[in-house]
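# Close look at the chain arrangement
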2 protein chains.
Amino acid sequence: MAEYIESLQRLSEKFGVLQGVGRKSAMRMAYSVLELSDEEAHEFAEAIIEAKQKIHLCPICQNLTDRELCSVCVNPQRDRSLICVVEDVKAVLSIEKVREFRGVYHVLHGVISPVNGITPDKIKVKELLARIDEGEVKEIVVATNPTVEGEATAMYLSKLIKPLGVKVTRLAYGVPVGADLEYADEVTLYRALEGRSDF
Amino acid sequence: MAEYIESLQRLSEKFGVLQGVGRKSAMRMAYSVLELSDEEAHEFAEAIIEAKQKIHLCPICQNLTDRELCSVCVNPQRDRSLICVVEDVKAVLSIEKVREFRGVYHVLHGVISPVNGITPDKIKVKELLARIDEGEVKEIVVATNPTVEGEATAMYLSKLIKPLGVKVTRLAYGVPVGADLEYADEVTLYRALEGRSDF
(Lines give C-alpha, C1' and ligand atoms only; values in the text may rest on other atoms or scores of the structure.)
Protein backbone atom coordinates (compact mmCIF):
# COMPACT_ATOMS: atom_id res chain seq x y z
CA MET A 1 0.00 0.00 0.00
CA ALA A 2 1.15 3.47 -0.78
CA GLU A 3 0.80 5.17 2.47
CA TYR A 4 -0.29 3.90 5.80
CA ILE A 5 -1.63 6.96 7.58
CA GLU A 6 -2.13 5.92 11.17
CA SER A 7 -4.69 8.53 12.18
CA LEU A 8 -6.74 7.85 9.05
CA GLN A 9 -6.64 4.14 9.76
CA ARG A 10 -7.73 4.72 13.34
CA LEU A 11 -10.65 6.91 12.27
CA SER A 12 -11.68 4.33 9.70
CA GLU A 13 -11.70 1.65 12.42
CA LYS A 14 -14.04 3.79 14.52
CA PHE A 15 -16.50 4.02 11.66
CA GLY A 16 -16.14 0.29 11.10
CA VAL A 17 -17.42 -0.43 14.61
CA LEU A 18 -20.82 1.06 13.75
CA GLN A 19 -23.59 -1.30 12.79
CA GLY A 20 -23.77 -2.11 9.08
CA VAL A 21 -20.56 -0.29 8.13
CA GLY A 22 -18.07 -2.44 6.21
CA ARG A 23 -14.33 -1.90 5.87
CA LYS A 24 -14.54 -0.10 2.52
CA SER A 25 -17.37 2.19 3.59
CA ALA A 26 -15.51 2.97 6.80
CA MET A 27 -12.43 4.04 4.86
CA ARG A 28 -14.51 6.10 2.45
CA MET A 29 -16.12 7.89 5.40
CA ALA A 30 -12.74 8.53 7.01
CA TYR A 31 -11.53 10.15 3.77
CA SER A 32 -14.74 12.11 3.71
CA VAL A 33 -14.03 13.52 7.17
CA LEU A 34 -10.78 14.98 5.81
CA GLU A 35 -12.84 16.98 3.33
CA LEU A 36 -14.86 18.61 6.10
CA SER A 37 -13.84 22.03 7.33
CA ASP A 38 -12.15 22.16 10.75
CA GLU A 39 -15.36 23.59 12.15
CA GLU A 40 -17.51 20.82 10.67
CA ALA A 41 -15.15 18.17 12.02
CA HIS A 42 -15.34 19.69 15.49
CA GLU A 43 -19.13 19.83 15.31
CA PHE A 44 -19.18 16.19 14.26
CA ALA A 45 -16.99 15.17 17.21
CA GLU A 46 -19.14 17.23 19.58
CA ALA A 47 -22.35 15.72 18.20
CA ILE A 48 -21.04 12.26 19.10
CA ILE A 49 -20.19 13.28 22.66
CA GLU A 50 -23.43 15.22 23.09
CA ALA A 51 -25.66 12.41 21.83
CA LYS A 52 -23.96 9.97 24.21
CA GLN A 53 -24.29 12.38 27.12
CA LYS A 54 -27.87 13.56 26.62
CA ILE A 55 -29.66 10.47 25.40
CA HIS A 56 -30.72 7.86 27.93
CA LEU A 57 -33.52 5.35 28.38
CA CYS A 58 -36.95 6.56 29.48
CA PRO A 59 -37.25 5.13 33.02
CA ILE A 60 -40.80 3.95 32.29
CA CYS A 61 -40.79 2.40 28.81
CA GLN A 62 -37.00 2.10 28.16
CA ASN A 63 -37.29 3.98 24.86
CA LEU A 64 -34.55 6.51 24.03
CA THR A 65 -35.09 10.09 25.09
CA ASP A 66 -33.12 13.23 25.88
CA ARG A 67 -35.71 14.41 28.43
CA GLU A 68 -36.76 13.02 31.78
CA LEU A 69 -39.50 10.84 30.25
CA CYS A 70 -40.04 10.03 26.57
CA SER A 71 -42.69 11.89 24.57
CA VAL A 72 -45.08 8.92 24.63
CA CYS A 73 -44.90 8.31 28.39
CA VAL A 74 -45.28 12.03 29.11
CA ASN A 75 -48.38 12.35 26.90
CA PRO A 76 -51.57 12.27 29.03
CA GLN A 77 -53.63 11.20 25.99
CA ARG A 78 -51.91 7.83 25.70
CA ASP A 79 -53.65 4.81 27.20
CA ARG A 80 -51.47 3.47 30.01
CA SER A 81 -53.53 0.29 30.30
CA LEU A 82 -52.31 -0.90 26.87
CA ILE A 83 -48.60 -1.65 26.43
CA CYS A 84 -47.02 -2.61 23.13
CA VAL A 85 -43.84 -4.62 23.74
CA VAL A 86 -41.15 -4.23 21.07
CA GLU A 87 -37.61 -5.43 20.56
CA ASP A 88 -35.93 -2.12 19.87
CA VAL A 89 -36.44 1.62 19.54
CA LYS A 90 -36.77 1.45 15.76
CA ALA A 91 -39.92 -0.64 16.17
CA VAL A 92 -41.43 2.20 18.23
CA LEU A 93 -40.80 4.60 15.36
CA SER A 94 -42.34 2.17 12.85
CA ILE A 95 -45.51 1.72 14.89
CA GLU A 96 -45.81 5.43 15.68
CA LYS A 97 -45.70 6.20 11.97
CA VAL A 98 -49.02 4.34 11.56
CA ARG A 99 -50.60 6.91 13.93
CA GLU A 100 -53.07 4.28 15.06
CA PHE A 101 -51.73 2.88 18.32
CA ARG A 102 -52.88 4.96 21.31
CA GLY A 103 -51.29 2.91 24.07
CA VAL A 104 -47.76 3.13 25.42
CA TYR A 105 -44.63 1.09 24.68
CA HIS A 106 -42.12 -1.12 26.37
CA VAL A 107 -38.76 -1.59 24.67
CA LEU A 108 -37.06 -4.89 25.54
CA HIS A 109 -33.71 -3.95 23.97
CA GLY A 110 -33.22 -7.43 22.56
CA VAL A 111 -34.86 -10.82 22.35
CA ILE A 112 -34.28 -13.98 24.30
CA SER A 113 -31.66 -16.05 22.51
CA PRO A 114 -30.02 -18.77 24.62
CA VAL A 115 -27.61 -19.54 21.76
CA ASN A 116 -26.22 -16.02 22.03
CA GLY A 117 -26.35 -16.07 25.81
CA ILE A 118 -29.26 -13.64 25.98
CA THR A 119 -31.44 -14.82 28.83
CA PRO A 120 -34.58 -12.97 30.01
CA ASP A 121 -32.58 -11.10 32.66
CA LYS A 122 -30.40 -9.54 29.92
CA ILE A 123 -33.37 -7.72 28.37
CA LYS A 124 -35.92 -5.37 29.97
CA VAL A 125 -38.35 -8.03 31.16
CA LYS A 126 -38.30 -7.24 34.87
CA GLU A 127 -39.00 -3.57 34.08
CA LEU A 128 -42.11 -4.75 32.18
CA LEU A 129 -43.23 -6.92 35.09
CA ALA A 130 -42.76 -3.96 37.43
CA ARG A 131 -45.10 -1.89 35.25
CA ILE A 132 -47.71 -4.67 35.23
CA ASP A 133 -47.30 -4.94 38.98
CA GLU A 134 -48.60 -1.41 39.40
CA GLY A 135 -52.05 -2.75 38.43
CA GLU A 136 -53.08 -0.32 35.69
CA VAL A 137 -52.18 -2.55 32.71
CA LYS A 138 -55.04 -4.43 30.98
CA GLU A 139 -53.47 -5.63 27.75
CA ILE A 140 -49.98 -6.37 26.46
CA VAL A 141 -49.58 -6.44 22.66
CA VAL A 142 -46.43 -8.39 21.91
CA ALA A 143 -44.88 -6.92 18.75
CA THR A 144 -41.50 -8.66 18.64
CA ASN A 145 -40.19 -9.44 15.16
CA PRO A 146 -41.54 -12.55 13.40
CA THR A 147 -38.21 -14.36 13.77
CA VAL A 148 -37.43 -17.51 15.75
CA GLU A 149 -36.07 -15.46 18.66
CA GLY A 150 -38.90 -12.93 18.43
CA GLU A 151 -41.44 -15.76 18.56
CA ALA A 152 -39.72 -17.45 21.48
CA THR A 153 -39.63 -14.16 23.38
CA ALA A 154 -43.33 -13.56 22.66
CA MET A 155 -44.14 -17.06 23.90
CA TYR A 156 -42.04 -16.57 27.03
CA LEU A 157 -43.72 -13.25 27.84
CA SER A 158 -47.17 -14.68 27.21
CA LYS A 159 -46.57 -17.55 29.65
CA LEU A 160 -45.16 -15.14 32.21
CA ILE A 161 -47.85 -12.47 31.98
CA LYS A 162 -51.12 -14.35 31.37
CA PRO A 163 -51.16 -15.82 34.91
CA LEU A 164 -51.05 -12.23 36.21
CA GLY A 165 -54.56 -11.70 34.82
CA VAL A 166 -53.44 -9.44 31.96
CA LYS A 167 -54.60 -10.03 28.37
CA VAL A 168 -51.67 -10.84 26.07
CA THR A 169 -52.09 -10.38 22.30
CA ARG A 170 -49.83 -10.72 19.26
CA LEU A 171 -49.57 -8.72 16.00
CA ALA A 172 -51.42 -10.45 13.14
CA TYR A 173 -49.40 -12.49 10.66
CA GLY A 174 -50.18 -12.46 6.97
CA VAL A 175 -49.13 -11.37 3.53
CA PRO A 176 -47.83 -7.80 3.40
CA VAL A 177 -50.27 -5.37 1.80
CA GLY A 178 -49.29 -4.58 -1.79
CA ALA A 179 -46.97 -7.58 -2.08
CA ASP A 180 -47.33 -10.30 -4.68
CA LEU A 181 -48.32 -13.73 -3.33
CA GLU A 182 -45.67 -15.21 -5.60
CA TYR A 183 -43.00 -13.74 -3.38
CA ALA A 184 -44.53 -14.65 -0.03
CA ASP A 185 -42.72 -17.47 1.73
CA GLU A 186 -44.54 -20.63 2.72
CA VAL A 187 -44.63 -19.93 6.43
CA THR A 188 -46.15 -16.50 5.88
CA LEU A 189 -48.76 -17.96 3.51
CA TYR A 190 -49.55 -20.69 6.00
CA ARG A 191 -50.06 -18.09 8.72
CA ALA A 192 -52.13 -15.93 6.38
CA LEU A 193 -54.42 -18.90 5.62
CA GLU A 194 -54.63 -19.87 9.25
CA GLY A 195 -55.59 -16.34 10.23
CA ARG A 196 -58.06 -15.81 7.36
CA SER A 197 -61.16 -13.77 8.13
CA ASP A 198 -64.70 -13.43 6.68
CA PHE A 199 -65.51 -10.72 4.19
CA MET B 1 -42.87 10.36 14.53
CA ALA B 2 -42.66 9.06 18.04
CA GLU B 3 -39.87 11.03 19.46
CA TYR B 4 -37.79 13.74 17.96
CA ILE B 5 -34.51 13.56 19.85
CA GLU B 6 -32.61 16.67 18.89
CA SER B 7 -29.10 15.45 19.68
CA LEU B 8 -29.72 12.17 17.83
CA GLN B 9 -31.03 14.08 14.83
CA ARG B 10 -28.01 16.36 14.88
CA LEU B 11 -25.59 13.44 15.03
CA SER B 12 -27.44 11.74 12.19
CA GLU B 13 -27.08 14.88 10.08
CA LYS B 14 -23.33 14.88 10.65
CA PHE B 15 -23.07 11.33 9.36
CA GLY B 16 -25.30 12.30 6.44
CA VAL B 17 -22.76 14.90 5.29
CA LEU B 18 -20.19 12.16 4.60
CA GLN B 19 -19.81 10.94 1.06
CA GLY B 20 -22.10 8.07 0.10
CA VAL B 21 -24.08 8.08 3.35
CA GLY B 22 -27.84 8.32 2.87
CA ARG B 23 -30.44 9.50 5.37
CA LYS B 24 -31.35 6.02 6.59
CA SER B 25 -27.75 4.86 6.99
CA ALA B 26 -26.94 8.09 8.81
CA MET B 27 -29.73 7.48 11.32
CA ARG B 28 -28.69 3.85 11.78
CA MET B 29 -25.13 4.97 12.50
CA ALA B 30 -26.33 7.59 14.98
CA TYR B 31 -28.28 4.88 16.84
CA SER B 32 -25.18 2.75 16.68
CA VAL B 33 -23.14 5.45 18.43
CA LEU B 34 -25.54 5.26 21.37
CA GLU B 35 -24.60 1.62 21.77
CA LEU B 36 -20.91 2.46 22.14
CA SER B 37 -19.43 2.77 25.61
CA ASP B 38 -18.66 6.31 26.80
CA GLU B 39 -15.01 5.57 26.27
CA GLU B 40 -15.51 4.34 22.71
CA ALA B 41 -17.59 7.41 21.89
CA HIS B 42 -14.85 9.68 23.20
CA GLU B 43 -12.23 7.81 21.20
CA PHE B 44 -14.39 8.17 18.10
CA ALA B 45 -14.73 11.91 18.61
CA GLU B 46 -11.00 12.24 19.23
CA ALA B 47 -10.16 10.20 16.12
CA ILE B 48 -12.11 12.70 14.02
CA ILE B 49 -10.29 15.68 15.51
CA GLU B 50 -6.90 13.96 15.32
CA ALA B 51 -7.29 12.89 11.69
CA LYS B 52 -8.25 16.44 10.73
CA GLN B 53 -5.32 17.91 12.67
CA LYS B 54 -2.57 15.51 11.64
CA ILE B 55 -3.37 14.77 8.03
CA HIS B 56 -2.42 17.32 5.40
CA LEU B 57 -1.34 17.36 1.77
CA CYS B 58 2.22 16.40 0.89
CA PRO B 59 3.73 19.71 -0.29
CA ILE B 60 5.28 17.99 -3.31
CA CYS B 61 2.66 15.61 -4.74
CA GLN B 62 -0.49 16.78 -2.87
CA ASN B 63 -1.24 13.27 -1.64
CA LEU B 64 -2.47 12.87 1.93
CA THR B 65 0.11 12.30 4.64
CA ASP B 66 0.58 12.73 8.37
CA ARG B 67 4.33 13.34 8.01
CA GLU B 68 6.27 16.16 6.42
CA LEU B 69 6.37 14.48 3.01
CA CYS B 70 4.37 11.45 1.86
CA SER B 71 5.99 8.00 1.80
CA VAL B 72 6.37 8.06 -2.01
CA CYS B 73 8.02 11.47 -2.23
CA VAL B 74 10.36 10.64 0.66
CA ASN B 75 11.47 7.36 -0.95
CA PRO B 76 14.86 7.80 -2.71
CA GLN B 77 14.17 4.74 -4.90
CA ARG B 78 11.28 6.40 -6.72
CA ASP B 79 11.95 7.94 -10.10
CA ARG B 80 11.34 11.70 -9.82
CA SER B 81 11.49 12.17 -13.60
CA LEU B 82 8.23 10.22 -14.06
CA ILE B 83 5.05 11.70 -12.59
CA CYS B 84 1.70 9.93 -12.65
CA VAL B 85 -1.12 12.48 -12.48
CA VAL B 86 -4.31 11.24 -10.77
CA GLU B 87 -7.62 12.75 -9.78
CA ASP B 88 -7.68 11.75 -6.14
CA VAL B 89 -5.80 9.98 -3.36
CA LYS B 90 -7.72 6.74 -3.88
CA ALA B 91 -6.21 6.44 -7.36
CA VAL B 92 -2.73 6.55 -5.78
CA LEU B 93 -3.65 3.60 -3.57
CA SER B 94 -5.04 1.69 -6.58
CA ILE B 95 -1.90 2.19 -8.64
CA GLU B 96 0.45 1.44 -5.72
CA LYS B 97 -1.33 -1.87 -5.22
CA VAL B 98 -0.06 -2.99 -8.61
CA ARG B 99 3.52 -2.57 -7.29
CA GLU B 100 4.68 -1.76 -10.82
CA PHE B 101 4.87 2.01 -11.05
CA ARG B 102 8.24 3.30 -9.85
CA GLY B 103 7.73 7.00 -10.49
CA VAL B 104 6.08 9.57 -8.25
CA TYR B 105 2.54 10.98 -8.19
CA HIS B 106 0.68 14.21 -8.49
CA VAL B 107 -2.82 14.39 -7.07
CA LEU B 108 -5.04 16.95 -8.78
CA HIS B 109 -7.84 16.76 -6.19
CA GLY B 110 -10.52 16.99 -8.82
CA VAL B 111 -11.04 17.26 -12.56
CA ILE B 112 -11.82 20.23 -14.73
CA SER B 113 -15.58 20.56 -15.03
CA PRO B 114 -16.81 23.95 -16.26
CA VAL B 115 -20.43 22.86 -15.67
CA ASN B 116 -19.66 22.47 -11.96
CA GLY B 117 -17.54 25.60 -11.89
CA ILE B 118 -14.29 23.65 -11.55
CA THR B 119 -11.74 25.54 -13.60
CA PRO B 120 -8.03 24.54 -13.80
CA ASP B 121 -7.16 26.97 -10.99
CA LYS B 122 -9.47 25.06 -8.61
CA ILE B 123 -7.39 21.88 -8.88
CA LYS B 124 -3.65 21.33 -8.30
CA VAL B 125 -2.50 22.21 -11.82
CA LYS B 126 -0.17 25.08 -10.95
CA GLU B 127 1.57 22.85 -8.37
CA LEU B 128 2.18 20.34 -11.19
CA LEU B 129 3.57 23.04 -13.46
CA ALA B 130 5.88 24.18 -10.67
CA ARG B 131 7.28 20.65 -10.39
CA ILE B 132 7.85 20.48 -14.15
CA ASP B 133 9.46 23.90 -13.96
CA GLU B 134 12.22 22.46 -11.76
CA GLY B 135 13.50 20.64 -14.87
CA GLU B 136 13.87 17.10 -13.59
CA VAL B 137 10.58 15.73 -15.06
CA LYS B 138 10.82 13.73 -18.31
CA GLU B 139 7.38 12.10 -18.55
CA ILE B 140 3.90 12.75 -17.25
CA VAL B 141 1.50 9.76 -17.28
CA VAL B 142 -2.01 11.14 -17.12
CA ALA B 143 -4.16 8.65 -15.21
CA THR B 144 -7.38 10.58 -14.73
CA ASN B 145 -10.56 8.50 -14.80
CA PRO B 146 -11.96 7.53 -18.22
CA THR B 147 -14.94 9.87 -17.80
CA VAL B 148 -15.84 12.94 -19.84
CA GLU B 149 -14.28 15.26 -17.24
CA GLY B 150 -11.27 12.99 -16.78
CA GLU B 151 -10.69 12.98 -20.55
CA ALA B 152 -11.08 16.73 -20.82
CA THR B 153 -8.63 17.24 -17.97
CA ALA B 154 -6.13 14.87 -19.59
CA MET B 155 -6.47 16.76 -22.86
CA TYR B 156 -6.02 20.10 -21.13
CA LEU B 157 -2.90 18.93 -19.30
CA SER B 158 -1.44 17.44 -22.46
CA LYS B 159 -1.85 20.71 -24.37
CA LEU B 160 -0.35 22.63 -21.47
CA ILE B 161 2.63 20.37 -20.79
CA LYS B 162 3.75 19.11 -24.23
CA PRO B 163 5.06 22.56 -25.29
CA LEU B 164 7.31 22.47 -22.21
CA GLY B 165 9.24 19.62 -23.82
CA VAL B 166 7.92 16.94 -21.48
CA LYS B 167 6.54 13.65 -22.80
CA VAL B 168 2.85 13.23 -21.91
CA THR B 169 1.30 9.73 -21.97
CA ARG B 170 -2.09 8.27 -21.11
CA LEU B 171 -3.14 4.97 -19.47
CA ALA B 172 -4.15 2.38 -22.09
CA TYR B 173 -7.85 1.85 -22.74
CA GLY B 174 -9.24 -1.59 -23.34
CA VAL B 175 -11.37 -4.39 -22.03
CA PRO B 176 -10.79 -5.17 -18.36
CA VAL B 177 -8.82 -8.39 -17.81
CA GLY B 178 -11.10 -11.25 -16.82
CA ALA B 179 -14.25 -9.49 -18.00
CA ASP B 180 -16.61 -10.91 -20.61
CA LEU B 181 -16.70 -9.00 -23.92
CA GLU B 182 -20.46 -9.31 -23.80
CA TYR B 183 -20.53 -6.80 -20.95
CA ALA B 184 -18.03 -4.33 -22.37
CA ASP B 185 -19.63 -1.12 -23.59
CA GLU B 186 -19.20 0.01 -27.18
CA VAL B 187 -16.83 2.86 -26.44
CA THR B 188 -14.50 0.58 -24.47
CA LEU B 189 -14.57 -2.02 -27.26
CA TYR B 190 -13.89 0.67 -29.85
CA ARG B 191 -10.90 1.87 -27.84
CA ALA B 192 -9.72 -1.72 -27.33
CA LEU B 193 -9.80 -2.31 -31.08
CA GLU B 194 -8.13 0.98 -31.82
CA GLY B 195 -5.34 0.19 -29.37
CA ARG B 196 -4.89 -3.43 -30.47
CA SER B 197 -1.35 -4.81 -30.49
CA ASP B 198 0.54 -7.63 -32.23
CA PHE B 199 1.01 -10.99 -30.58
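Everything numeric in this text was worked out from a predicted model, so none of it was measured. (Residues numbered from 1 in each chain as written. Chains lettered and ligands numbered in written order. Predicted model: local features only at pLDDT ≥ 70, side-chain atom pairs only at ≥ 80, totals over all residues. Heavy atoms only, no water.)

### Re the side chain of Asn63(B)
Threshold: Helix numbering and strand numbering both begin at the N terminus, where a helix is a DSSP run of H or I of at least 4 residues and a strand a DSSP run of E of at least 2. By definition in these notes, contact holds between two residues if any of their heavy atoms fall within 4.5 Å.
Structurally, Asn63(B) is set in the loop between strand E1 (56-57) and strand E2 (64-65). Not counting residues within four places of it along the chain, the set of residues in contact with Asn63(B) comprises His56(B), Leu57(B), Cys58(B), Val89(B), Val92(B) and Val107(B).

### Concerning the interface of chain A and chain B
How large an interface is tends to be reported as the accessible area lost when its parts come together. Let me state the cut-off plainly: By convention in these notes, a salt bridge is any Lys or Arg side-chain nitrogen within 4 Å of a carboxyl oxygen on Asp or Glu. Here a polar contact means two N or O atoms within 3.5 Å. Within protein one must be a hydrogen donor candidate and the other an acceptor candidate, and residues neighboring in sequence count only if both atoms are side-chain atoms.
With 52 residues of chain A at the interface, the matching set in chain B holds 52 residues. Put simply, chain A and chain B have 6 salt bridges between them. Our enumeration of links across chain A and chain B arrives at 12 residue pairs in polar contact (both at pLDDT 80 or more). Listed by contribution, the elements that provide at least two residues to the side of chain A that touches chain B are helix H1 (6-17), helix H2 (23-34), helix H3 (38-54), strand E2 (64-65) and helix H4 (89-97) of chain A. Ranked by residues supplied to the side of chain A that touches chain B, first place goes to H3(A) with 13 residues.

### Observations regarding the relation of the copies chain A and chain B
Convention followed: Alignment of the copies relies on least squares applied to C-alpha atoms, considering only residues that score at least 70 for pLDDT in both.
Laying chain A over chain B is done by rotating through 179° and shifting 0.0 Å along the axis; what remains is an RMSD of 0.1 Å. On the angle and the small slide along the axis, the relation comes out as a two-fold axis. In terms of proximity to the rotation axis, the leading residue of chain A is Ala45(A), whose C-alpha is 2.1 Å off the axis. A share of 100% of interface residues in chain A that are also interface residues in chain B marks the association as one of identical surfaces.

### Considerations on a negative patch on the surface
Quick reminder of the rule: Patch membership requires over 30% relative accessible area and the absence of a salt bridge. Like charges are linked within 9 Å, and nonpolar side chains (Val, Leu, Ile, Met, Phe, Trp, Tyr) within 5 Å. Computed by Shrake-Rupley with a 1.4 Å probe, the accessible areas treat only the displayed protein chains as cover when residues are assessed. Charged residues are defined narrowly, with Lys and Arg counted positive, Asp and Glu counted negative, and His plus the chain ends left uncounted. To locate a charge, take atom NZ for lysine, CZ for arginine, CG for aspartate or CD for glutamate. Using a 1.4 Å probe on the protein chains alone, a residue whose accessible area is under 20% of its type maximum counts as buried, one over 50% counts as exposed, and one in between counts as partly exposed.
The grouping of Asp79(A), Asp133(A), Glu134(A) and Glu136(A) at the surface amounts to a negative patch. Residue Glu134(A) is classed as exposed on the basis of its relative accessible area, which comes to 68%.

### Remarks on the sheet that holds strand E3 (residues 79-86) of chain A
Residues and elements named next belong to chain A. Here is the rule we go by: A pair of strands is labelled paired if DSSP reports no fewer than 2 bridges between them. Inter-axis angles, ranging from 0 to 180 degrees, are taken between N-to-C directions of lines fitted to C-alpha atoms, where helices are fitted over the stretch in contact.
If you walk across this open sheet you meet the 4 strands as E4-E3-E5-E6, and the pairing is parallel. Only two strands of the sheet have a single neighbouring strand rather than two, namely strand E4 (103-107) and strand E6 (167-170). In this sheet, adjacent strand axes meet at a mean angle of 25° when their direction is disregarded. Pairing analysis gives 4 bridges linking strand E5 (residues 139-142) to E6, with the strands arranged parallel. In the sheet register, Val141 faces E6, and the bridge partner there is Thr169. Running over the sheet, H4 touches E3 and E4 and is turned about 160° from E4.

### What to know about the side chain of Ser7(A)
Relative to the helices and strands, Ser7(A) resides in helix H1. Dropping the residues within four chain positions of it, Ser7(A) is found in contact with Glu50(B), Ala51(B), Lys54(B), Ile55(B) and Asp66(B).

### A few points about the domain arrangement of chain A
Our working rule: Residue ranges assigned to the domains are those given by an automatic or database domain assignment.
If you check the domain split of chain A, you get domain 1 (2-54) and domain 2 (78-173). One C-alpha centre belongs to domain 1 of chain A, the other to domain 2 of chain A; they are set 36 Å apart.

### A word on the nonpolar core
What counts, and what does not: What makes a nonpolar core is a set of buried Ala, Val, Leu, Ile, Met, Phe, Trp, Tyr and Cys residues whose side-chain atoms join them at distances within 4.5 Å.
Membership of the largest hydrophobic core comes to 110 residues, with the highest contact counts inside it found for Phe15(A), Phe44(A), Ile140(A), Phe15(B), Phe44(B) and Ile140(B). Apart from residues no more than four positions distant in its own chain, Phe15(A) is found in contact with Val21(A), Ala26(A), Met29(A), Ala30(A), Val33(A), Phe44(A), Phe15(B), Leu18(B) and Phe44(B).

### Section: the state of the cysteines
Residue and element names in this part refer to chain B. What counts here: The rule for a disulfide is simple: a pair of cysteine sulfur atoms within 2.5 Å.
For the structure shown, the criterion picks out 0 disulfides over all chains. No disulfide involves Cys73; its nearest neighbouring cysteine sulfur is the one of Cys61, lying 3.7 Å away. For Cys73, a relative accessible area of 6% puts it in the buried group.

### A short note on the environment of Asp66(A)
Residue and element names in this part refer to chain A. Structurally, Asp66 can be placed in the loop between E2 and E3. Its relative accessible area of 22% is what places Asp66 among the partly exposed residues. Sequence separation between Asp66 and Ile55 is 11 residues, and the spatial gap between their C-alpha atoms is 4.5 Å.

### Things to note about the pairing of strand E3 (residues 79-86) of chain B
Residue and element names in this part refer to chain B. Applied cut-off: Orienting the strands away from the viewer, one traces the path from the first strand over the helix to the second; a clockwise path indicates a right-handed crossover.
The buried fraction of E3 is high, at 6 of 8 residues. Sheet topology note: the E3/strand E4 (residues 103-107) ladder contains 5 bridges and is parallel. When the sheet's bridge partners are listed, Val85 is paired in E4 with His106. Handedness of the crossover joining E3 and E4 through helix H4 (residues 89-97): right-handed. Bridge analysis of E3 against strand E5 (residues 139-142) gives 4 bridges, and the strand direction is parallel. Bridge pairing in E5 places Leu82 opposite Glu139.

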